[in-house]
Amino acid sequence: MKLIETFRYEWRIQFRNLAAATVFLVFAGLLFYGGFAGKAELDERISIIEAHDVAVAESMETWLSDLRKLEQGDNTETLSPTTGSAMDVVFASSLPQEPLSDFAVGQSDLLPFVGEISIWEPDIRLFSKYEFADPVGLALGSFDISKAVILFLPLLLIVFCFDVISADRDSNRLGLTILQITNLRRLFWQRYLFRASVVLVFTLVSAFFVLVLNSGNHAFGDRLPVFGIWAFSVLFYGMFWSMLIALIASFNRSGEFNILTLLGLWVGLTLIIPAAGSSIAETLYPTPSRLAYLAEAREVENETRLREADVANEFMLDHPELLVNSDSEFPARVSSAFLVTSTVDEATRPIVAAFEGSLLERERVLSIFGYLSPAVGVHSALNEIAGNSSRRHQSYLRQARRFKADYALLVGPDVVAKQAISSEFFESLSQFQFMEDPLLGRLDQNIRPIIFLLSLSIGMLLLANQRLKAISPITY
Amino acid sequence: MSELLLAQALTKKFQSKTALHELNLSVRRSEVVCLLGANGAGKTTTINLFLGFLKPTTGAAYVDGLEVSSNLDEVRKKISYVPEQVSLYPSLTGLENLDYFVKLSGKRQPHESYLRELLGRVGLDQIVANNRVKSYSKGMRQKIGLAISLAKDAKALLLDEPLSGLDPSAANEFSNLLRGLADNGTAVLMATHDLFRAKEISDRIGIMKSGCLVQELSPDGMDQASLEEIYLEQMRNSDETSG
Amino acid sequence: MNISIIKKEFMELMRDGRAISLSAIVGLLLVLALSTGLSNERTKEQRIFQAKMADAEAFNAQGEKNPHSAAHFSRMAHKPIAPLSSFDPGVSSFLGQVIWLEAHYRNPAMFRAAEDAPELSRLENFSLAGVLTLVIPLLIILLGYGSISGEKERGTLRQLIGSGTSLQTLLLGKFIVISATLFFVLLITVSFSIVTSIVLLDEAAPSMSDLLMRGASLLSSYGLYVLILTAITLLVSTLVSESKTALLILLAVWAITVVALPRLSASIAEQVYPSPHSHEFWEATDASLEANRPDGASADYAAVEQRVIERAIGRSLEEGEAENLSINARGVRFEVSEVIDSETYNIAFAELFENYAKQRNLRRLLSIFSPTIALQHLSQAFSGTDINAHEHFSNEAERQRNDIVRMLNEEMMLNGSGGTSRYLAPAEFWETVPEFQYRQPSIGSTWRQSFPDFFILLFWGWIGLVALFLLGRTRAEF
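The structure presented is a predicted model; accordingly, all values stated were derived computationally and were not measured. (Residues numbered from 1 in each chain as written. Chains lettered and ligands numbered in written order. Predicted model: local features only at pLDDT ≥ 70, side-chain atom pairs only at ≥ 80, totals over all residues.)

What follows concerns the overall build of chain C. Counting secondary structure elements, chain C contains 15 helices and 2 strands. For a compact globule of 478 residues, the expected C-alpha radius of gyration is about 23 Å, and chain C comes in at 29 Å, more than 25% above that figure. Taking the principal axes of its C-alpha atoms as reference, chain C extends roughly 100 × 40 × 40 Å. Within chain C, the fraction of its 478 residues that count as buried is 48%. (Helix = DSSP H or I, 4+ residues; strand = E, 2+ residues; numbered from the N terminus. Rg over C-alpha atoms; globule rule 2.2 N^0.38 Å. Buried ≥ 20, exposed ≤ 12 C-beta atoms within 10 Å, placed from the backbone.)

In structure tokens:
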């Protein structure tokens, strides 16, 4: 039988019916809704970032205007006593939204992506402007197109491919079919290729429509190459599942057996292993206690306030060039606050390092689970591609803290000396700029598990092919 | 050799049970051989061994000189098969099912007129052929099964209880078709319970009991009652021997 | 005849290798979920205890300090472990663990534990409740998909009906066996959870009887869920002629109602009633604070001022007495602004929790398509890990904040005469500030809030059973 004839009959028998159309419609609905929800979240993040940038720019514009008045001696009686204090300089910081950010919400609904950097606040409170997102929605996990693919693409493949041989077996057609085709392997792979391709092409085409419909925040030209990487990841994921289903189908058991086995594998690989893996990683490498971090910070704050004079003296000893401006109207609480905040940050730096250490250890443990389940690797990869992974957010927080520390180092002496900074100095300050790791570099941690699972897929293909040689309609 | 189907000391064991014990059987071109026996006699096992659906424990089955187990693909090109239950695709019509299975064999790209001629040869009404198979009776399905075999134009035709569940008229029609095929050169091996039909169409009858071919005879010149007597005698003898 | 059916069904179940091996796997999962859950809860409990000690120490070690400065340093209110969080951690990881009881500000809870969790944990919840919600339906489907359709395929159904058994009786027997088996699994799981929770009980936990009633409530909710799913499974198995088709339909139902719809409903609820972002919330709150602060010379301000002073001195003021009182005016001003602002904050937070309630109500509405949504609400509520429990904690913490700040402001008012903020309270004073004595909400209040969800499950159960009953009576073709 010609390939095209096989495809024609497969289309007729498998896909040209109401049940199949309903399944595809529902799946498309899930993908499009996921795309819509992801876009809505992205639009919201962008508008928050824009509003934040505008608010900070406006407040710094006012601050600069006041400073200029002070420098020009213009209406100084209306100005605040802290005009020109480096403490009051606020920087806008945000995590830039990647071109395919709408494709996976990732951790962006939970972790900070925008915030003011100010040396009034210690690191522990740098991003403590709490978000009020619906905790039930957070607990259940956002619904985006990537999540829809990870959860439901394997199910769709199972539904359409599980019975590529078992349908004939269960209907007692297998004997006749084998006699007619003689080479069952060829028929198996032709049917299989067609069915799996229909599902995968449908998924990718739907995703492409989502890509087009959701374009707006980024140029389509910027989104397309990233979409290519996304599509490749999805294709790899689909391929793994296709080969797994083919292997189970090649055992020539009944359709029921196939469904139950594949469903068990789906539950295990897509839900249980990822969840169990993260639970085990958390248990083995728990993050240091944030409450202990807070307690430590408060204790240091308390102690610093009690020995404020000593702390100030120590600072002056470290900066012998400093001359405190005794004429300054800057209230003492300003320099006190700076000294307290710097001391707290210094004291709690090891705790922050311990946090980062435990996160790294956990990532290492979880990378092992990436070898056990494609959902683990693909989930991480799709979040990374969308730029909404934990790693990228943590990098943003680290850079924000570092920026704050650098600024504190730069202006600390002026603050303690109660010196105002000049408008020229303010204008020379660089703004926060997130230093991005290239996408392919970020995907580096996913490469080895993906290669392993790719090899596994090829192995399953070869094994299935081998098993198909000996298929008989008689099983005993 | 003129024997298209040949079994030499063909034996099949399933764990401790012997389903077929050292069968020696041949079916020549243009010959119809019927295997008679009760359930579990080994008739279906014999058919399945010739089809290559089972591997023999010892002995060998040959189709047109080729040993079945080591030449599966080649052998299956030379045989066609009608199972007891001809299962088709319920959502396709009879014509479409025939078209599909004929194309599967890769032998030719059939024209619709050819397919309809085949259906005519097996006596399936052309209007019925345009209906979906889920509405077909067993007899109609058997006819489609036979049409598929005809299209394959194979040297040997194996049938497993094709007449079970057919009414006398349909069974008669089917038997005549088989005889016609044999007359055209096809070797036919059929497993059946139906003593009457076996006598009507076959050149030789093999009586099987508990995996053994206990008697081979020609029904020529024999009446129905005699054949029945011989059959029952064999069944009784075998019981006494084993009892 | 019913007993024979039940006996035969149990016998088949025991001999079904798939059922036994799947049950063993589920058992293993439950043990793993329980042990990791317990381990994590134990760690959290120790951390909370240590943090409370450290917080008290830090507060008490402030030395001589201005009470208003101390009111800014203030105390922390630590959220205790919920009574049955090892069973269902609910949304507690996505709500903060500690509230800073700072003067002038009602702060939301800080440090959502989920922020430190691996991002993979967002894919699925690996707790006892998570495993039960996901896997119980699959077990029921496995045990029941071929119940009637399989009998039809084998031809035994006609034999049974022909021998005098009604379809209703048959359905009832299969229903009892499947639901009893799953109920047994539930009983073991919930009992284990209760026992381990008793071990972890702290002073904030409800009483033993409250805990046991929570366990019973959980058992009822999950038990209802089992009945609903069993009814649906048997319905499909009866309506469809092929077991394989029944299995496919049931799995599609499971994928949609258990996996997809709960997530979708949360997403839809968020779209319809969007939660405010922090800048929106704080901007709106700041605007309200600004708008609600009466002018210092207004009668409203004077009324609050009088109330504040009278509370501080413990008696009513006479006409014109306030101006002549030897009292720290700054302290009075701090407390007046605290009282006024507190009302605004309470309204803002009440609106926030009201928004969450609207989202929950929309999800409840959508639970006509999926009983899993209602079950998840109940499971979290009875485990003490839902938003209502957090709201209760937040409101109690706010009460504590008001008390602490008032105490500190009154110390300044009464002992810091001179009108300045230079007054330093003695070092021993901080130890007189009372500890936060928090008691988690009772099962009674939980039931009052959760009854609609339970009613939804009851309704689902009633529909399922009635449909099954009617089908059993009216089905004529086998």
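Another aspect to go through is the arrangement of the chains. A comparison of contact numbers over the 2 pairs of chains in contact places chains A and C at the top. No interface is formed between chain B and chain C, the nearest pair of C-alpha atoms being 14 Å apart. (Contact = placed C-beta atoms within 7 Å.)

Moving on to the domain arrangement of chain A. Residue and element names in this part refer to chain A. Partitioning chain A into domains gives domain 1 (3-27 + 145-274) and domain 2 (38-142 + 284-448). With 20 residues of domain 1 at the contact, the number on the domain 2 side is 24 residues. No other element matches the 9 residues that helix α8 (residues 220-249) contributes to the side of domain 1 that touches domain 2. Partitioning the side of domain 1 that touches domain 2 into residue classes produces 11 nonpolar, 6 polar and 3 charged. (Domains from an automatic or database assignment. Nonpolar A, V, L, I, M, F, W, Y, C, P; charged D, E, K, R; others polar.)

Where the residue is not glycine, phi is negative for most of them; where a peptide bond is considered, it is trans in most cases. Phi at Gln 15 of chain B is positive, roughly 55 degrees, even though this residue is not glycine. Mapped onto the elements of the fold, Gln 15 of chain B is located in the loop between β1 (3-14) and β2 (17-28). Backbone geometry at Phe 111 of chain C places phi at a positive 60 degrees, although glycine is not the residue there.

A few words now on the interface of chain C and chain A. Contact with chain C, which involves 70 residues of that partner, is made by 66 residues of chain A. Elements with a contribution of two residues or more to the side of chain C that touches chain A: α2 (17-60), α4 (128-144), α9 (243-272), α10 (278-292) and α12 (329-366) of chain C. With 16 residues, the single largest contributor to the side of chain C that touches chain A is α9 of chain C. Of the residues assigned to the side of chain C that touches chain A, the class counts are 38 nonpolar, 21 polar and 11 charged.

Residue and element names in this part refer to chain B. Strands sit in the order β2-β1-β4-β5 across an open sheet of 4 strands; the sheet is antiparallel. Two strands in the sheet have a free side with no partner beyond their single neighbour: β2 and β5 (66-67). Of the pairings in the sheet, the one linking β1 to β2 comprises 8 bridges and is antiparallel in character. Opposite Phe 14, over in β2, you have Lys 17 as the bridge partner. (Pairing = 2+ DSSP bridges.)

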